[in-house]
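# Observations on the model geometry
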Amino acid sequence: MPKVHVDLPGRAYDILIGRGLLAQTPDLIAPFLRRKRVVIVTDSNVSTLHLGALQGALDGAGIAHASLTLPAGEGTKSWDGLTQTVEWILDQKVERGDLVLALGGGVMGDLVGFATAIARRGMRFVQIPTTLLAQVDSSVGGKTGINTRHGKNLVGAFHQPTLVLADTDVLATLPRRDFLAGYGEVVKYGLLGDFEFFAWLEQHGPNLHSDPDALIYAVQKSCQMKADIVMRDETEQGDRALLNLGHTFCHALESATGYSDRLLHGEGVAIGCVLALELSARLGLCPQEDPSRLRAHLAQMGTKMRLADIAGDLPDAAALLALMGQDKKVQDGKLRFILTRGIGQAFITSDVPATAVLRVLEDALKERE
């Protein structure tokens with residue numbers, strides 16, 4: 001099966017990608033088991049769809065298990081959710097050599113990853129991502145954390161998984177909106193560092209949901225690109241910030257919409273990438289046709305790509321700019337943007353006039369009128 005190796009000294013692991021991996025979980029985790037027992041943390045949506053299949057596979061292999069089901073949604077990625085998860089893991093007498101399985105999307109991966117980073121000062125966990133967004137992004141690279149009243153992902157730790165199992169078959173259960181939201185992260189990889197991949201997505205993206213081989217390739221390519229960057233810069237001291245293309249805008253929009261289902265994270269990333277390319281074009285950094293080319297592709301996919309696609313009220317441009325100032329990427333009081341010199345040529349800069357950002361936001365908001 002396709003495999004991406006994340007070669008970090010002392011913390012190396014594999015990302016396995018393919019069909020039917022959920023049923024193969026016992027065999028795939030067997031090399032890491034010190035005793036035939038695991039615990040599973042999942043959410044209420046995923047437990048209905050996939051927990052039974054995982055439990056059945058573990059039963060068939062004689063691996064004992066216990067499971068915790070948490071409420072689905074971003075609200076679970078909180079101090080309360082973290083406390084509940086850590087206390088439950090300790091209640092289960094999980095040892096440092098045991099495995100905790102994180103079954104779900106990005107919320108579960110981030111929460112369980114952080115819980116295992118701090119329980120017993122560090123435990124092993126396996127990511128079993130069940131959304132496209134989690135398979136191509138949040139399950140890879142070791143970023144874990146929770147949200148607070150100050151913003152998203154502001155409390156966390158870098159804690160690499162022991163293994164990632166990306167079963168592309170489970171993506172068939174995703175609502176179309178969630179699949180398209182995950183695609184926002186996929187297209188980001190082409191924009192930030194691989195023009196040929198972006199061109200491939202223009203041709204194959206609309207068929208990913210119905211073409212299993214193309215879907216596996218898109219997930220593998222995305223994971224490889226992220227892994228390559230993580231291996232160069234595990235803790236985001238430099239190049240890893242490239243992965244935040246579109247995210248400075250996205251996080252402000254998520255905050256403005258209350259981290260609700262008005263705007264899914266991947267939708268915010270897609271909109272943020274459009275705004276980042278528009279800002280790049282206006283600053284004379286990339287060809288004027290690049291933002292239009294991205295919009296045309298996202299329109300072909302049927303995903304959100306404009307502020308006008310977000311239901312309900314939004315703050316004005318000045319307020320959105322202020323929300324951007326709360327982003328983790330602020331350094332020395334300056335916002336760091338990921339801009340492009342062309343599709344596939346992203347770079348990091350703090351040299352962006354606030355007035356230029358304000359104009360981009362103002363024009364984008366006018367489309368809502």
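Residues numbered from 1 in each chain as written. Predicted model: local features only at pLDDT ≥ 70, side-chain atom pairs only at ≥ 80, totals over all residues. Heavy atoms only, no water.

### A word on the sheet that holds strand S4 (residues 64–70)
As a reminder of what qualifies: Pairing between two strands is assigned when DSSP locates at least 2 bridges connecting them. Going along the chain from the N terminus, every DSSP run of H or I of four or more residues is numbered as a helix, and every run of E of two or more is numbered as a strand. Note on definitions: angles span 0 to 180 degrees between N-to-C directions of axes, and those axes are lines fitted to C-alpha atoms, for helices only across the stretch in contact. A contact between two residues is defined here by any heavy atoms of the two lying within 4.5 Å.
Pairing is mixed in the open sheet, where seven strands are placed in the order S1-S2-S9-S6-S5-S3-S4. The outermost strands of the open sheet, each flanked by one partner alone, are strand S1 (3–6) and S4. Within the sheet, the average angular offset between the axes of one strand and its neighbour, ignoring direction, is 15 degrees. Taken together, the seven bridges between strand S3 (residues 37–43) and S4 define a ladder with parallel strand orientation. Paired with Val41 across the bridge in S4 is Leu68. Contacts between helix H4 (residues 106–118) and the sheet are confined to S3, S4, strand S5 (99–104) and strand S6 (124–129), with S5 contributing the most and set at about 160 degrees to the helix. Helix H8 (residues 212–232) contacts S1 and strand S2 (13–18) of the sheet and is inclined by roughly 10 degrees relative to S1.

### Details of helix H13 (residues 354–366)
To be explicit about the condition: Helix span, expected: 1.5 Å multiplied by one less than the number of residues in the helix. Relative accessibility thresholds used throughout: buried, under 20% of the residue-type maximum; exposed, over 50%; partly exposed, between the two (1.4 Å probe, protein chains only).
In this model H13 runs 18 Å from its N-terminal to its C-terminal C-alpha over 13 residues, within 8% of the 18 Å that 1.5 Å per residue would give. Listed as buried for H13 are Ala356, Val357, Val360, Leu361, Ala364 and Leu365. Each element contacted by the buried residues of H13 is listed here: helix H9 (247–256), helix H10 (265–282), helix H12 (317–324) and strand S10 (337–340).

### Concerning the pairing of S5
Here is the rule we go by: When the strands point away from the viewer, a crossover counts as right-handed if the route from the first strand across the helix to the second turns clockwise.
Taken across its six residues, S5 has six buried, putting it largely inside the fold. Of the two faces of S5, both are covered, the one formed by Leu99, Leu101 and Leu103 as well as the one formed by Val100, Ala102 and Gly104. Pairing between S5 and S6: six bridges, direction parallel. What sits directly across from Val100, in S6, is Phe125. Between the parallel pair S5 and S6, the chain is carried across by H4, and the sense of this crossover is right-handed.

### Points about the pairing of strand S11 (residues 346–349)
When S10 meets S11, the two strands line up antiparallel, connected through four bridges. Residue pairing across strands places Leu339 opposite Phe347, the latter belonging to S11. Between S10 and S11, which pair antiparallel in sequence order, lie five residues; one of them, Gly342, sits at a positive phi of approximately 150 degrees.

### Comments concerning the pattern of salt bridges
Defined as follows: A side-chain nitrogen of Lys or Arg and a carboxyl oxygen of Asp or Glu constitute a salt bridge if their distance falls within 4 Å.
One pass over the full model with this rule turns up 20 salt bridges. A salt bridge links Arg295 to Glu278, with the shortest nitrogen-to-oxygen separation between them at 3.1 Å. Taken together, the residues span a long stretch of sequence, with Arg295 in helix H11 (residues 289–301) and Glu278 in helix H10 at a distance of 17 residues. Between Asp363 and Lys366 there is a salt bridge, and its shortest N-O distance comes to 3.8 Å. One end of the pair is Asp363 and the other is Lys366, both in helix H13 and three residues apart, which spans about a single turn. Each of Glu278, Arg282, Arg295, Asp363 and Lys366 takes part in a single network of salt bridges with overlapping partners.

### A word on unusual backbone geometry
The phi dihedral of Glu236 falls on the positive side, at around 60 degrees, and the residue is not glycine. Its location among the elements puts Glu236 in the loop between H8 and H9. Residue classification places Glu236 among the buried positions, given a relative accessible area of 18%. Its identity as a non-glycine residue notwithstanding, Tyr259 has a phi of 50 degrees, on the positive side. On the secondary structure map, Tyr259 appears in the loop between H9 and H10.

### Some points on helix H7 (residues 195–204)
Definition in use: The directions considered for the arc are those from the helix axis to the C-beta atoms. Under this definition, polar contacts are N or O atom pairs within 3.5 Å; protein pairs additionally need one hydrogen-donor-capable and one acceptor-capable atom, and for neighbouring residues in sequence, both atoms have to be side-chain atoms.
Taken residue by residue, H7 has Phe197, Phe198, Trp200 and Leu201 as its buried positions. End-on view of H7: buried residues confined to an arc of 160 degrees, all on one side of the axis. In H7, the exposed residues that point more than 90 degrees away from the buried face are Glu196 and Gln203. The N-capping residue of H7, defined by a side-chain oxygen 3.1 Å from the backbone nitrogen of Glu196, is Asp194.

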